[in-house]
Structures are given as C-alpha cells and as structure tokens.
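The residues making up each chain are set out below.
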Amino acid sequence: MAPAASSYKATFKVGHGCGPSATRQLSVAIPDGVSGARPMPKPGWTVAVERAPLAKPVSSHGRTLTDRVARITWTARTPADALPSDQYDEFVLVAQLPAQAGTLHWPVSQVCEQGRTDWTQVLQPGQPASELQQPAAALEILPAAGGGHRH
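We now turn to the structure provided with this report. (Residues numbered from 1 in each chain as written. Predicted model: local features only at pLDDT ≥ 70, side-chain atom pairs only at ≥ 80, totals over all residues. Heavy atoms only, no water.)

**Let's talk about the environment of Gln-25**
Here is the rule: Secondary structure elements follow DSSP: runs of H or I no shorter than four residues count as helices, runs of E no shorter than two count as strands, and numbering proceeds from the N terminus. Residue contacts are counted whenever heavy atoms from the two residues lie within 4.5 Å of one another. Any pair of N or O atoms that falls within 3.5 Å is considered a polar contact. Within protein, one atom must be able to donate a hydrogen and the other to accept it, and sequence-neighbouring residues count only if both atoms are side-chain atoms.
Following the sequence through the fold, Gln-25 ends up in strand β3 (residues 23–29). Measuring from C-alpha to C-alpha, the distance between Gln-25 and Leu-83 comes to 8.9 Å, with 58 residues separating the pair along the chain. Excluding residues within four positions of it along the chain, Gln-25 makes contact with Trp-45, Thr-73, Trp-74, Thr-75, Ser-109, Gln-110 and Val-111. Within polar-contact distance, the side chain of Gln-25 engages the side chain of Thr-75 at 2.8 Å.

Here is the structure:
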C-alpha cells in the first residue's frame, strides 16, 4: 500500500529462475498513471528504458512532458551475471504514483536461459486469488494524506 500522488520505491523480488534455469532478464511494464519511473542500476546488468507517447502533454516541475516511461528492462551482461535459480535478488525502481486511489498492476516478464515466466495475470472481481498461477505484482493506492505532491 502507498498513498496517492507520492514518490514510491517499487521492489520486484526474484526468488527463483525457470525451473533450474538462471534468470537473465527482468522486464517491468509501468502502469498508466505512474510517472517519472527511474530504475536502480545493478552491477553486471544493463538497463533499458522504453518510452511511450502520452495521450496529451502534462506539466511537471516546470517542464512539458510528451512521453512517459512504459517499460524498464534489466538484462544480465553475461551468462555469469545471470541470477542462478537457487539464489534471490531484487530489482528496484522509483516513480511518482497517480493521484487517484485504486489498484495498480505491474506486469513482469522473467526471461531465463531456458524458458520464461510472464507474471501478468490480474485478479478479476469475485475470482479467488488461488486461481492465479502467475499474478502481476499489485499495489493498492490509498487516498492521498493531505492531498499534495510529495517526494
């Protein structure tokens, strides 16, 4: 949970590979309404930031923005840098959350040396969580406390 219109540190935990295969890439789709997403670099991994045009420009900190970060992808530089299946690591980004309360879903693709897992399933109303095999990461946005832009 996080308050609306706040700066948020998102941590995506990778606890295993694809069976015995090491994770060599993690890609996070940034939900609509989330702005200013910036990845934390990881030693041994490259970071790619994919941008997409905004439907209409917005003003932020005195600048007019015409696009947004749509996806952040970390890729191991070499096979030796990949995350072994029996180890754990975290991939981190910071971003500004939208001003509206609600649930945000962060689809994640985990690509391994052999195989991949797409963590993209979204719980539907009335659906038991136990039915989801590969749920997207979810974040509950609470109404803003004080209703302002915060860092």
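Once you've had a look at it, read on.
**A closer look at the state of the cysteines**
Applicable threshold: In what follows, a disulfide is any cysteine sulfur pair within 2.5 Å.
Summed over the entire model, instances satisfying the criterion amount to one disulfide. A disulfide bridge connects Cys-18 with Cys-112, and the sulfur atoms are separated by 2.1 Å. In this structure, the disulfide formed by Cys-18 and Cys-112 twists by about 70° around the S-S bond and is classed as right-handed. Taken together, the residues span a long stretch of sequence, with Cys-18 in the loop between β2 (7–14) and β3 and Cys-112 in strand β9 (residues 108–112) at a distance of 94 residues.

**A few points about the nonpolar core**
Note the cut-off: Put simply, a nonpolar core is a bunch of buried Ala, Val, Leu, Ile, Met, Phe, Trp, Tyr and Cys residues held in one set by side-chain atoms that sit within 4.5 Å of each other. Buried residues are those whose accessible area, probed at 1.4 Å on protein chains only, stays under 20% of the maximum for their type, while exposed residues exceed 50% and partly exposed ones sit between those limits.
Core analysis: the biggest nonpolar cluster contains 27 residues, and Phe-12, Val-28, Ile-30, Leu-93 and Trp-106 have the highest contact counts within it. Looking at this core, the elements that each hand over two or more residues are β2, β3, β6 (63–76), β7 (89–96), β8 (102–106) and β11 (137–142). For this core, the element with the highest residue contribution is β6, accounting for four residues. Among all residues touching Trp-106, those that are not within four sequence positions of it are Phe-12, Val-28, Ala-29, Ile-30, Pro-31, Val-34, Leu-93, Leu-97, Trp-119, Ala-136, Ala-137 and Leu-139.

**As for the pattern of salt bridges**
So the rule is basically this: Any Lys or Arg side-chain nitrogen located within 4 Å of an Asp or Glu carboxyl oxygen qualifies as a salt bridge.
Scanning all chains against the criterion turns up four salt bridges. For Asp-89, the salt bridge is made with Lys-42, and the minimal N-O distance between the two is 3.0 Å. Of this pair, Asp-89 sits in strand β7 while Lys-42 sits in the loop between β4 (35–39) and β5 (45–60), and the two are 47 residues apart along the sequence. A salt bridge links Arg-51 to Asp-67, with the nearest nitrogen and oxygen atoms 3.1 Å apart. Separated by 16 residues along the polypeptide, Arg-51 in strand β5 and Asp-67 in strand β6 bring together distant segments of the chain. Taking the relative accessible area as the measure of exposure, Arg-51 reaches 46% and is therefore partly exposed.

**A short note on the side chain of Ser-27**
Along the chain, Ser-27 turns up in strand β3. Judged by relative accessible area, Ser-27 falls into the buried class, the value being 7%. A polar atom in the side chain of Ser-27 sits 3.1 Å from the side chain of Arg-71. Looking at Ser-27, its side chain comes within polar contact range of the side chain of Thr-73, at 2.9 Å. Ignoring any residue separated from it by four or fewer positions in sequence, one finds Ser-27 in contact with Arg-71, Ile-72, Thr-73, Pro-107, Val-108 and Ser-109.

**Details of the sheet that holds β7**
The pairing of strands in a sheet happens through backbone hydrogen bonds and is either parallel or antiparallel. For clarity, the cut-off: Two strands pair if DSSP finds at least two bridges between them. For every element, the axis is a line fit to its C-alpha atoms; helices are fit only across the contacting stretch, and the angle between N-to-C directions ranges from 0 to 180 degrees.
Ordered by their spatial adjacency, three strands build an open sheet running β2-β7-β4, and the pairing between neighbours is antiparallel. Of all strands in the sheet, those bounded by a partner on one side alone are β2 and β4. Within this sheet the neighbouring strands show an average axis-to-axis angle of 25°, counted without direction. As paired elements, β2 and β7 share eight bridges and run antiparallel to each other. When the sheet's bridge partners are listed, Lys-9 is paired in β7 with Val-94.

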